[in-house]
Amino acid sequence: MIKVLIADNHPIIRMGVTNVLESANGFEIVGAVSTTSELFEKLEKSNPDVVMLEMDIPEINGIATLRKIKKEHPSVRVLMYSGQSEDVYALSTIRAGAFGYLSKASDIDYIITAVKKVSEGNMFITNELAQRLAFDEGTQKPRRFFRKLSTREVEVLKLLASGKRNKDVAIGLNLNEKTVSTYKARLMKKLNVDNMVDLLQQAKALELY
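A quick note: this is a predicted structure, and the numbers were derived from the prediction, not measured.

Draft legend 1. Focus on the nonpolar core. If you look at the biggest cluster of nonpolar residues, it comprises 38 residues, and the most contacted ones within it are Leu-39, Leu-43, Val-51, Leu-53, Ile-69, Met-80 and Leu-199. A per-element tally of this core places helix α8 (residues 151-161) first, with five residues. Per-domain counts for this core show at least three residues from each of domain 1 (2-136) and domain 2 (146-205). When neighbours within four sequence positions are excluded, Leu-43 is seen to be in contact with Leu-5, Pro-48, Val-51, Ile-69, His-73 and Val-76. The next biggest cluster of nonpolar side chains, apart from the first, holds 21 residues, and it includes Met-52, Ala-114, Val-115 and Val-118.

Okay, structure coming up:
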């Protein structure tokens, strides 16, 4: 049996994913939580093979939560999923240590396939995403820029795009405020802009908000 822990703040999504996996053979749902504090509390008590982690789970952002799981529970494999753009977040989360990324727009069958694959220690991305990643980057200019961004830069950009000030970003990511300013300058250089308005427009083009 593959033991799965679901972390998502939407009750309907938790129930839906639970029903899909329980209707298939070989899965045991060891918990379904709505916040990161509940997630880490549950991880101490249960020993899941796979955590299905929603990118925008409350309290700590998804990538920071992923890093914390990898550090504190290295044997647990994490499958990230989100309603956010697959093109943008899949690479970012995989770089941060996820075993796969699943869009909420994916077919239901993908949930079963993804959890099985990740539980075996294999990487999962959809065929559609694999094809797009192999395609000529020059055809989608904003995403070509994204490919140059590090995982941390994507986190900073997302928070800035959501209206956070440098100080708030620093607190949210446990960074020094000066470091956030450095990331912001680096983002502007990489995205070829010289002001916050253009930076946020670029973030919008990347579908970060």
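Back to the write-up after that little detour.
Draft legend 2. Highlighting the sheet that holds strand β3 (residues 50-54). An order of β2-β1-β3-β4-β5 is seen for the five strands of this open sheet, with the pairing classed as parallel. Each end of this open sheet is capped by a strand with a single partner; those strands are β2 (27-33) and β5 (100-103). For this sheet the average axis-to-axis angle between neighbouring strands, irrespective of direction, equals 25 degrees. Sheet topology places strand β1 (residues 2-7) next to β3; four bridges connect them, and they run parallel. Looking at the pairing, Val-4 lines up with Val-50 of β3. Lying on the sheet, helix α1 (residues 11-23) is in contact with β1, β2, β3 and β4 (77-82); it crosses β2 at an angle near 170 degrees. Helix α2 (residues 36-45) contacts β1, β2 and β3 of the sheet and is inclined by roughly 140 degrees relative to β2.

Calculation notes
Residues numbered from 1 in each chain as written. Predicted model: local features only at pLDDT ≥ 70, side-chain atom pairs only at ≥ 80, totals over all residues. Heavy atoms only, no water. Core = buried A, V, L, I, M, F, W, Y, C linked by side-chain atoms within 4.5 Å. Buried < 20%, exposed > 50% of the residue type's maximum accessible area, 1.4 Å probe, protein only. Helix = DSSP H or I, 4+ residues; strand = E, 2+ residues; numbered from the N terminus. Domains from an automatic or database assignment. Contact = heavy atoms within 4.5 Å. Pairing = 2+ DSSP bridges. Axes fitted to C-alpha atoms, helices over the stretch in contact; angles between N-to-C directions.

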